[in-house]
Amino acid sequence: MSFLTALKNLIWKGGAKLGMTKSLTKITDDERVTIAESEYTRIQEAKKYYRDDLPVVWYRNSYGHKRHRKMNTLNITKLSAKRLASIIFNEQCEISLKDHANNKLLSQIIDDNHFNLQFEQHLETGVALGGLAARPYVDDQNNIRIAWANADQFYPLHSNTDNISECVFASRSVKTENKQLVYYTLLEFHQWLDTDTYQITNELYRSTERDVVGQSVPLNTLYPKMQPTITFNNGTIKKPLFAYFRTPGANNKDLDSPLGMGIVDNSKNIINAINATHDEFVHEIKMGKRRIAVPAEMLRPGNKFGNTTNDDETHPLMFDPDMDVYEQFYGDADNMNITDLTSDIRTQQYKEAIDYFLREFEEQTGFSAGTFSFDGQSVKTATEIVSENSTTYQTRSSYLTQVELFLNQLVTAILEVASTPEFFSDGQARCKFNADDELGLSVHFDDGVFVDKDKQQTNDLALVAAGIMPKLQFLIRNEGLSEEDAQQWLQQVQKEQPEYTPNSFEEGKSPDGDNDVGAD
C-alpha cells in the first residue's frame, strides 16, 4: 500500500470519528434500513446449518480428559433444500410472453444467463435461508445479465409484509493491503423518491474487521466506472428493478418482517436431534471396531518373550504392519489371556431413533412420510402421490405460487431495463415495454415427477380416438414438442398417408369388372 493510500485511510478513519464520513457497524445501522438485526442473526445461524458448519462435540475420554471431535452430521438441511428445489423448478421449465418481440428478447436473455440452471441452484439456498433476490443489469458489452443475492445480502427498506418496493443489495469483496486483509462492502440502494422518480445509489465501505461494515470511502476506490447515483425521472421506471422470492408461510419469529422463514428456523431442535444421534452412531461404530487384548510382550519384536531362558531368543515380527486389531496390555505374560474386547454396535436402536427423528422432520418441513425415512411401504408412483393428496405435492404447490410471483417481478424488471436507453452505452433501447400494461407471462412448470407419463399417454390416446383431444395437443403434452414442431409432425404424417381420389374404388376393380379383387 502506498503512502498516499495509507494517508487517505487515516483521514477516512479520523473523519468517521468526527462524524464527517459515514460509519456503519452493521448494515441495519443505516437509518434507511427498517428491519431488525435479529432477522439477519437468524439467517446467519441458518446459513451455518446449510454449510454444515456446526460446533464440535466435546466429551470426556476414559481417563477423564476433556476432548473434542468434529460432528458427523447428515446435513439434512442441504439435503432437504436440494430435494425441494429440484421438484419446484428445473431446466424443463418454460417461460414465455404473449408479445412475440419481447418473448424473443426474453428467451435470449434466459439462454445467455443459463437462467433455468442458475435459478434452481439459487432456489436451493433460498429454501434453506428463507428467501433470495435477483436484479437485472447491463454489462460492458451491453448485454443484460442477472445478479443474484442470498437472503443475507438483501435488506428491505420501506415495505410491508406483502410487498417490498425498496431495498439495498450488499456485496462484499476482500483485498490484501499492506499484508492485511481489508473488507469492502458495496451497498446498492433502490429507492422511490416519489411516484415517478426511481433512484439507485451506490455506496462503498471499508473495514479491517470482518464483522464490521466500516467507514464510507469514495466509490472509485474499487469501482472507477460506477456512478454514485442514477436517477430516473418522469415515470421512466414504473416498477422496482429487482425481484424477491420468499418462502411460503408466515414469519412467526417476527410477524412484521417481510422476510421468509427457512427450513432451519422452525426445525432446529429436530435437526439437532438427527445430527446428535447420527454422530453418536458413527462414533460408536468407530469405537466398536474389532479389538483383541494381548500381552504387551507379544507385540515387542526384538525383545525376549515371556520367561525364556535363552537370551538370544527374541520374538520376531509376526503380524502385518497394517494390523490394528491387537492392543497390548501389561501384566504377567504367563497368566494373561488373549481377550476379545469388541463391543456390539447398537445398529437397530440407532436406525429406529434416526428414522423417528426423520419422520418428525418430514412433518415439520412439509415432506411426505418416507421422503427421507423408510415407512415400511413400497415406493409410490407419481399417480399415487397425487391421488393420496401428498404433503410434498401440497408443499410444492405453495412454493410455485411464490415462484410465479418472483418470475413475474423479475421479467418485469428485465423488460424495464431493456426498454430504458440510459442503461446502454449506445443509448438505444432493446425493446418497447409499458409496465402498466398486462405482462402476459406464461410459466409452464415440469410436473414429470408428479405425473405418471405412461398412464397420461394411455388416457390421452383414448381421448384422441374419441375425437375429444386434438392430435396437436397430444404431441405437445406427451412428446414435449413445441407447437411449431408438433405442426411439422402432423404435416409429415399427412404426407405419408396414401392419397385417395374419387375414382379410387373404380380403379381398384378387377379386369373382368368385378369389385372383388380378392380370392373367392
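Note: the structure precedes this text.
Residues numbered from 1 in each chain as written. Predicted model: local features only at pLDDT ≥ 70, side-chain atom pairs only at ≥ 80, totals over all residues. Heavy atoms only, no water.

J.: Describe the overall build of the chain, naming the residues involved and giving the relevant values.
T.: For the chain, the count of helices and strands is 13 helices and 17 strands. Residues counted as buried form 39% of the 520 residues belonging to the chain. Across the chain, the fraction of contacts at a sequence separation of at least 24, relative to all contacts at a separation of at least 6, is 63%. Carbon together with sulfur atoms contributes 48% to the accessible area of the chain, which is approximately 31100 Å² in total. (Helix = DSSP H or I, 4+ residues; strand = E, 2+ residues; numbered from the N terminus. Buried < 20%, exposed > 50% of the residue type's maximum accessible area, 1.4 Å probe, protein only. Contact = heavy atoms within 4.5 Å. Areas by Shrake-Rupley, 256 points an atom, 1.4 Å probe, with all protein chains shown as cover.)

J.: Please give an account of the pattern of salt bridges that cites residues and values.
T.: A full pass over the atoms with the stated rule returns 17 salt bridges. Among the salt bridges present, the one from Arg32 reaches Asp30, with a minimum N-O distance of 2.8 Å. Looking at Asp30, the relative accessible area reads 2%, which means it is buried. Notably, a salt bridge pairs Lys238 with Asp436, separated by 3.2 Å at the nearest N-O pair. Of this pair, Lys238 sits in the loop between β12 (229–232) and β13 (243–246) while Asp436 sits in the loop between α9 (391–418) and β17 (441–444), placing them 198 residues apart in sequence. What makes Lys238 partly exposed here is its relative accessible area of 36%. (Salt bridge = Lys/Arg side-chain N within 4 Å of Asp/Glu carboxyl O.)

J.: Kindly report on the packing of helix α3 (residues 76–88) against helix α5 (residues 115–129), identifying the contributing residues and their values.
T.: Put simply, α3 and α5 touch, their axes get as near as 8 Å, and they point 130° apart. Relative to α5, the element α3 is oriented oblique. In this structure, α3 crosses over α5, and the sense of that crossing is right-handed. Between α3 and α5, the residues in contact are Thr77, Lys78, Ala81, Lys82, Leu84, Ala85, Ser86 and Ile88 and Glu120, Leu123, Glu124, Val127 and Ala128, respectively. When the residues that make up the contact of α3 with α5 are grouped by side-chain class, the tally is seven nonpolar, two polar and four charged. (Axes fitted to C-alpha atoms, helices over the stretch in contact; angles between N-to-C directions. Parallel < 35°, antiparallel > 145°, perpendicular 65-115°, else oblique. Left-handed = near helix turned anticlockwise from the far one by under 90°. Nonpolar A, V, L, I, M, F, W, Y, C, P; charged D, E, K, R; others polar.)

J.: Describe in detail the packing of aromatic side chains, supporting the description with residues and values.
T.: With the rule as written, the count across this model stands at 20 aromatic pairs. Both rings, one in Phe169 and one in Phe242, keep their centres 6.1 Å apart while their planes meet at 80°; by these two values the pair is edge-to-face. Note that Phe169 is positioned in strand β8 (residues 167–177) and Phe242 in the loop between β12 and β13, a separation of 73 residues in sequence. Across this residue pair, the class does not change: Phe169 and Phe242 are buried. Aromatic pair Tyr356 and Phe357: ring centres 5.7 Å apart, planes at 70°, arrangement edge-to-face. Feature note: the residues Phe89, Phe115, Phe119, Trp148, Phe245, Phe406 and Phe445 constitute an aromatic cluster, connected by ring pairs. In this structure, Arg32 packs its charged tip against the face of Phe189, placed 3.6 Å from the ring centre. The ring of Phe169 has Arg135 lying over it, and the distance from NZ or CZ to the ring centre is 5.8 Å. (Phe/Tyr/Trp six-rings, centres within 6.5 Å; stacked < 30°, edge-to-face > 60°. Lys NZ or Arg CZ within 6 Å of the ring centre and 35° of its normal.)

J.: An account of helix α6 (residues 268–287) is requested, with residue identities and associated values reported.
T.: A rise of 1.5 Å per residue sets the reference length of α6, with its 20 residues, at 28 Å; its end C-alpha atoms lie 28 Å apart and thus fit the reference within 8%. Of the residues making up α6, those classed as buried are Ile270, Ile271, Ala273, Ile274, Asn275, Thr277, His278, Asp279, Phe281 and Glu284. (Expected span 1.5 Å × (residues − 1).)

J.: Outline the sheet that holds strand β16 (residues 339–340), listing residues and values.
T.: Reading across from one edge, β15-β14-β16 is the order of the three strands in this open sheet, with mixed pairing throughout. In the strand order of this sheet, the two ends are held by β15 (326–329) and β16, each with one partner. (Pairing = 2+ DSSP bridges.)

J.: Go over the sheet that holds β13, please, and point to the residues and values.
T.: Pairing is antiparallel across the open sheet formed by three strands, whose spatial order is β6-β5-β13. Edge positions in the open sheet fall to β6 (144–150) and β13, since each of these has one partner strand only. Each adjacent strand pair in this sheet contributes to an overall mean axis angle of 20°, direction not counted. Two elements, strand β5 (residues 131–138) and β6, share seven bridges in a ladder whose sense is antiparallel.

J.: Could you give an account of the pairing of strand β9 (residues 180–194), naming the residues involved and the relevant values?
T.: Summarising burial for β9: 11 of the 15 residues are buried, a large majority. One ladder, built from 11 bridges, connects β8 with β9; its direction is antiparallel. Looking across to β9, one finds that Arg172 is bridged to Thr185. Counting the residues that bridge the hairpin from β8 to β9 gives two residues, and of these Asn178 lies at a positive phi of roughly 55°. Pairing of β9 with strand β10 (residues 197–207) involves 11 bridges; the strand directions are antiparallel. Bridging across to β10, Gln191 finds its partner in Gln199.

J.: Any details on the nonpolar core? Residues and values, ideally.
T.: With 89 residues, the main nonpolar core has Ile88, Phe89, Phe115, Phe119, Leu123, Phe406 and Leu407 as its most contacted residues. The leading source of residues in this core is α9, at 11 residues. Contacts of Ile88, omitting those with residues within four sequence positions, involve Leu123, Arg396, Tyr399, Leu400, Val403 and Phe445. Judged by nonpolar contacts, the second largest core, of seven residues, contains Leu472, Phe474, Leu475 and Ala486. (Core = buried A, V, L, I, M, F, W, Y, C linked by side-chain atoms within 4.5 Å.)

J.: Any chance you could break down the side chain of Ser267 for me, citing the residues and the numbers?
T.: Locating Ser267 in the fold gives a position in the loop between β13 and α6. Look past the residues within four positions of Ser267 in its chain and what remains in contact with it is Phe361, Gln364 and Thr365.

J.: Break down unusual backbone geometry for me, with residues and values.
T.: Not every positive phi belongs to a glycine, and Asn75 is a case in point at roughly 45°. Within the element layout of this structure, Asn75 appears in the loop between β3 (66–69) and α3.

J.: Got a sec to walk through the packing of α6 against helix α7 (residues 347–365)? Specific residues and values, please.
T.: Packing of α6 against α7 brings their axes to within 9 Å, and their N-to-C directions diverge by 160°. For the element pair α6 / α7, the angle class is roughly antiparallel. Like other packed secondary-structure pairs, α6 and α7 cross with a definite hand, here left-handed. Listed contacts from α7 to Ile270, Ile271, Ala273, Ile274, Thr277, His278, Glu280, Phe281 and Glu284 of α6 are Thr347, Tyr350, Ala353, Ile354, Phe357, Leu358, Glu360, Phe361 and Gln364. Here the contact of α6 with α7 is composed, by residue class, of 11 nonpolar, four polar and three charged.

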